[in-house]
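# Per-entry structural report
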Amino acid sequence: MSIGNPFISPDLYEYILAVSLREDDLGRELREVTGRLPESNMQISPDQGQFMGMLVKLMDATRIIEVGVFTGYSSLCMARAMRDGGTLVACDVSVDYTDVARRYWARAGVADRIDLRIGPAVETLDGLIREGRDGEFDLAFIDADKGNYPGYYERCLSLLRSGGLVILDNVLWGGRVLDPADTGPQTSILRDLSAEIGRDCRVAGVTLLPVADGLLMARKV
């Protein structure tokens, strides 16, 4: 199974997977299990997971924040790409969904690299800041409730080191960000925040990629 990409044809997407995806049986199984859940649309695509794993490798990221875990596929991809001694702080509110994640992290042998924090992510991130962990993290991946994206972005930016990378998922929102008639709160937040990050002098190298539902990446100055 695959989730696809709403911005290219299904045939072209399947070609991309056929020539480039190196997903093992465990990752595929997790995607298939997740695909049977009621909110399976929240799962990232396999090509996105592979891309994020490559970023972790290229950066040699050993301190990662993830806001929004769901069933753990993105965590799995990033944790597997980290070298020994790395830690991924994973923020989510769902015990049920993260129980699925825990099982697959354990089977993959990366459970010791993932520090799962159950509770509102804003509170978890504020707690990290209070602990004096500003400027400590290499990479932050934000893929949770869209209404809190601005707050997540600000807190993650504080926690990132200079040269660290923040990644926001779903910023193209199925193309709805282009529709001026769509003034819904989630669409408006994604549209406005993307524009703000594009002008934010605290980050450089801002790039919006049409991977999956849109990945906005920015490097902290």
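Refer to the structure above for everything that follows.
Residues numbered from 1 in each chain as written. Predicted model: local features only at pLDDT ≥ 70, side-chain atom pairs only at ≥ 80, totals over all residues. Heavy atoms only, no water.

## Some details on the overall build of the chain
How we decide: Note on conventions: DSSP H or I runs of at least 4 residues are helices, E runs of at least 2 residues are strands, and numbering of each starts at the N terminus. Only protein chains enter the accessibility calculation, which uses a 1.4 Å probe. A residue is then buried if its area is under 20% of the maximum for its type, exposed if over 50%, and partly exposed in between. Contacts are assigned to residue pairs with any non-hydrogen atoms lying within 4.5 Å of each other. Only the protein chains shown count as cover for residues, and the accessible areas themselves come from Shrake-Rupley with a 1.4 Å probe. His is not counted, nor are the chain ends, whereas Lys and Arg count as positive and Asp and Glu as negative. By convention, the point assigned to a charge is CZ for Arg, NZ for Lys, CD for Glu and CG for Asp.
Of regular secondary structure, the chain possesses 8 helices and 7 strands. For the chain, the proportion of its 221 residues judged to be buried stands at 49%. Across the chain, the fraction of contacts at a sequence separation of at least 24, relative to all contacts at a separation of at least 6, is 70%. When the accessible surface of the chain is summed, it comes to about 10200 Å², and 53% of that surface belongs to carbon and sulfur atoms. Side-chain charges in the chain split into 24 positive and 33 negative, and the spacing between the mean points of these groups amounts to 4 Å.

## With respect to the pattern of salt bridges
Put simply, the test is: By salt bridge we mean one thing: a side-chain nitrogen of Lys or Arg within 4 Å of a carboxyl oxygen of Asp or Glu.
Taken as a whole, this structure holds 14 salt bridges when the rule is applied. The partner of arginine 80 in a salt bridge is aspartate 24, with the nearest N and O atoms 2.8 Å apart. On the criterion of sequence distance, the pair formed by arginine 80 in helix 4 (residues 73–81) and aspartate 24 in the loop between helix 1 (10–20) and helix 2 (25–35) is long-range, its members being 56 residues apart. On the basis of relative accessible area, arginine 80 is assigned to the partly exposed category, the value being 35%.

## Observations regarding the environment of threonine 183
Mapped onto the elements, threonine 183 comes out in the loop between strand 5 (160–169) and helix 8 (185–199). For threonine 183, a relative accessible area of 60% gives the class exposed. In the structure, threonine 183 is positioned 23 residues away from leucine 160 in sequence and 31 Å away in space, judged by C-alpha atoms.

## A few points about the sheet that holds strand 3 (residues 114–118)
Our working definition: Pairing between strands is defined by DSSP: at least two bridges between them are needed. A fitted line through C-alpha atoms serves as each axis, taken over the contacting stretch for helices, and the angle formed by two N-to-C directions is quoted from 0 to 180°.
Strand order in the open sheet formed by 7 strands is 3-2-1-4-5-7-6, and the pairing between neighbours is mixed. Lying at the two open borders of the sheet, with one neighbouring strand each, are strand 3 and strand 6 (203–209). Going from strand to strand, the sheet's axes swing by 15° on average, the running direction of each strand aside. Across 5 bridges, strand 5 lies against strand 7 (residues 215–220) in antiparallel orientation. Across the sheet, residue isoleucine 167 finds its bridge partner in strand 7, namely methionine 217. Contacting strand 1 (63–67), strand 2 (87–92), strand 3 and strand 4 (137–142), helix 6 (residues 121–130) crosses the sheet at an angle of about 145° to strand 2. Strands strand 1, strand 4, strand 5, strand 6 and strand 7 of the sheet are contacted by helix 7 (residues 149–159), whose axis makes an angle of about 155° with strand 5.

## Let's talk about the packing of helix 4 against helix 5 (residues 95–108)
Think of two packed helices as two axes; the pair is described by the angle between the axes and how far apart they sit. Note the cut-off: With respect to orientation, any angle under 35 degrees is reported as roughly parallel, any angle over 145 as roughly antiparallel, any angle of 65 to 115 as roughly perpendicular, and every other angle as oblique. By convention the crossing between two helices is left-handed if the near helix lies anticlockwise of the far one by an angle smaller than a right angle, and right-handed if it lies clockwise.
In the contact formed by helix 4 and helix 5, the axes pass within 10 Å of each other and the chain directions differ by 25°. By the angle between their axes, helix 4 is roughly parallel relative to helix 5. In this structure, helix 4 meets helix 5 at a crossing whose hand is right-handed. Where helix 4 approaches helix 5, its residues Ser75, Leu76 and Arg80 are matched on the opposing element by Tyr104, Trp105 and Ala108.

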